[in-house]
Amino acid sequence: MGDGFVRGVSKTTDPAILADMPGFVSCEKDQERQKKYDFRRSEELRFRTTIQNKTKAFD
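Predicted model only: the values in this text are computed from it and were never measured.

**Observations concerning the overall build of the protein chain**
In step 1: Along the backbone of the protein chain there are two helices and zero strands.
In step 2: Counting only residues that meet the buried cut, the protein chain has 2% of its 59 residues in that class.
In step 3: Here the protein chain has roughly 5700 Å² of accessible surface; of this, 57% comes from carbon and sulfur atoms.

Written out as structure tokens, the structure reads:
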């Protein structure tokens, strides 16, 4: 019973809307949020590496 519903949705729904389908593109707001997250994550990794190496990092 559940399979029919899922198959029906995947055939009729635009792939750009479903995040688990190939070709998915998130909205502009989500892309900006992801860019911010990626930047903050890379900075955090840089600072952690700096601490491990006992060196200095500047903002």
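More follows now that the structure is in view.
**Observations concerning unusual backbone geometry**
In step 1: The backbone of K54 sits at a positive phi, close to 55°, despite the residue not being glycine.
In step 2: By the secondary structure assignment, K54 is in the segment after α2 (28-52).
In step 3: Taking relative accessible area as the criterion, K54 reaches 77% and is therefore assigned exposed.

**Description of the side chain of T50**
In step 1: Positionally, T50 belongs in helix α2.
In step 2: Sequence-distant contacts of T50, defined by excluding residues within four places in its chain, comprise T55, K56 and A57.

**Description of the pattern of salt bridges**
In step 1: Considering all chains together, one arrives at four salt bridges under this definition.
In step 2: D30 is the salt-bridge partner of R33, the closest N and O atoms lying 2.5 Å from each other. Separated by three residues within a single helix, R33 and D30 lie in helix α2, roughly one turn from each other.
In step 3: You can call R33 partly exposed: its relative accessible area is 48%.

Basis of the calculations
- Residues numbered from 1 in each chain as written.
- Predicted model: local features only at pLDDT ≥ 70, side-chain atom pairs only at ≥ 80, totals over all residues.
- Heavy atoms only, no water.
- Helix = DSSP H or I, 4+ residues; strand = E, 2+ residues; numbered from the N terminus.
- Buried < 20%, exposed > 50% of the residue type's maximum accessible area, 1.4 Å probe, protein only.
- Areas by Shrake-Rupley, 256 points an atom, 1.4 Å probe, with all protein chains shown as cover.
- Contact = heavy atoms within 4.5 Å.
- Salt bridge = Lys/Arg side-chain N within 4 Å of Asp/Glu carboxyl O.

Shape is all these values report; function is a separate question.
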